[in-house]
Amino acid sequence: MAWSATTIIVVHVTAGDCVGLGYTYSDASVACLIEGALKQVIVGSDPLSPAKLWDALHAAVRNMGRAGIAANAISAVDTAVWDLKAKLLDLPLAVLLGARRESVEIYGSGGFTTYSDAQLEEQLRDWVQRGGCRAVKIKVGTDQARDPHRLDIARRVIGDAALFMDANGALAVTQAIAFGRMAMEVHGVRWFEEPVSSDDLEGLAAIRAHLPAPMELAAGEYIYDLDNARTLLSHHAVDVLQADLTRCGGVTGLLRVADLADSFHIPFSAHCAPALHLHALCAVRDLRHLEWFHDHVLIEQRLFDGAPVPGNGRIGPDLTRPGCGLTFKHADAAPFAVS
Ligand SMILES: [Mg+2]
């Protein structure tokens, strides 16, 4: 699995001189949806009531379908409105939401199957040695003949850190059970993400039943609404529920999904966009960790002032800055503009 470009859609909402920032990763058409149908709903709404606007935005996309592009758009707007609300109240967003912790554990995520052995080694070593990560994740499943060799490299490079793997739905159920068992017993893998498509609820549940602890099954990055989350949870398809606030409805959506997971006694882990997740995750009760995805880390560090820097395997919000503490660097982003 490889790609050559990532599109970020950055949203600014204003109240007087105060500017709130949000974003999502999706197609550039998301910007058209926000500028069109959603803007009419946003303009004149109360920035101190993000959840009320969230309801109105969902009503506005009813006939487009709530998932996919519409959910990305609402997510970007919702995070921007929460950032704006916190700035209007001159509070860091984590403080406004009621922080339970001062920092969040991250795990390094990349390890693409297209990397050479040397590239894989260098990336994993950097996360463990420089970033202090206590877990790292690599992609598996598209070249099963080479995966044992890649897991072997990872295991050797990361020492005592935990090894996670993500198949992005590439395997069949029986393949996943056999491969998961081998990876756990031979390479000490502890986390198996999307071995099959996250739409295959019975498949995930069957794999989970056949892979005992310490292996944990994880999925949820394609959760777009609370019903998607409830479906995964009620089918006993995961040991840890993932979700992404740039897809699942922003801060408002993420906190609802995390609370729902909590009601099933399932811990929560956040997918990608680490700089934008950080403040909201400080308020999540049963949080496992946050995915430090190399592609999004690169974009956030290039395009935003205030992007977090890891220390000892954790990132923490800058409590001297209001909102989520990020400022979009327009001049640095301009050469990459697509819309
Ligand atoms: Mg994944």
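On a predicted model such as this, the values are computed, not experimentally measured, just so you know. (Residues numbered from 1 in each chain as written. Predicted model: local features only at pLDDT ≥ 70, side-chain atom pairs only at ≥ 80, totals over all residues. Heavy atoms only, no water.)

1. Let's talk about the UniProt feature "domain: Mandelate racemase/muconate lactonizing enzyme C-terminal" (unreviewed entry) in the chain
Then, number 1: Under the feature "domain: Mandelate racemase/muconate lactonizing enzyme C-terminal" (unreviewed entry), the UniProt entry names residues 117–214.
Then, number 2: In the segment residues 117–214, helix accounts for 52% and strand for 15%; the C-alpha atoms at its two ends are 27 Å apart. (UniProt positions renumbered as here; feature names shortened; annotations may be inferred. Helix = DSSP H or I, 4+ residues; strand = E, 2+ residues; numbered from the N terminus.)

2. Focus: the coordination of the magnesium ion
Then, number 1: The protein atoms that coordinate the magnesium ion are Asp166 (OD), Glu193 (OE) and Glu221 (OE), at distances spanning 2.0 to 2.2 Å.
Then, number 2: Site description for the magnesium ion: donor spacing in sequence, D-x26-E-x27-E. Linking aspartate 166 in strand E5 (residues 162–166) with glutamate 193 in strand E6 (residues 189–193), this pair joins segments that are 27 residues apart in sequence. Here aspartate 166 and glutamate 193 have matching classes, each one buried. (Donors = N, O, S within 2.8 Å, 3.2 Å for Na, K, Ca; no water. Buried < 20%, exposed > 50% of the residue type's maximum accessible area, 1.4 Å probe, protein only.)

3. Thoughts on the side chain of arginine 150
Then, number 1: The topology assignment puts arginine 150 in helix H6 (residues 147–158).
Then, number 2: Using a relative accessible area of 1% as the deciding quantity, one classes arginine 150 as buried.
Then, number 3: Apart from the residues within four sequence positions on either side, arginine 150 is in contact with Gly111, Phe112, Thr113, Leu120, Ile138, Lys139 and Val140. (Contact = heavy atoms within 4.5 Å.)

4. Considering the nonpolar core
Then, number 1: The biggest cluster of nonpolar side chains holds 88 residues, and the ones touching the most others in it are Phe192, Leu241 and Phe268.
Then, number 2: Counting residues per element, this core draws most heavily on helix H10 (residues 250–263), which supplies six residues.
Then, number 3: Looking at which domains feed residues into this core, each of domain 1 (8–91 + 330–336) and domain 2 (95–327) gives three or more.
Then, number 4: In this structure leucine 241 touches Ala219, Ile223, Ala229, Leu232, Leu233, Val257, Ala261, Ile266, Pro267, Phe268 and Ser269, once residues within four positions along its chain are discounted.
Then, number 5: Membership of the second largest hydrophobic core comes to 21 residues, among which are Cys18, Ile42, Val61 and Val81. (Core = buried A, V, L, I, M, F, W, Y, C linked by side-chain atoms within 4.5 Å. Domains from an automatic or database assignment.)

5. Brief notes about the packing of aromatic side chains
Then, number 1: The full count for this structure, using the stated rule, is nine aromatic pairs.
Then, number 2: Each ring, one from tyrosine 23 and one from tyrosine 25, has its centre 5.9 Å from the other, and the planes form 80°; the classification is edge-to-face. The burial state of tyrosine 23 is the same as that of tyrosine 25; both residues are buried.
Then, number 3: An aromatic cluster is defined as three or more aromatic residues linked by ring pairs; in this entry it consists of Tyr23, Tyr25, Phe304 and Phe328. (Phe/Tyr/Trp six-rings, centres within 6.5 Å; stacked < 30°, edge-to-face > 60°.)

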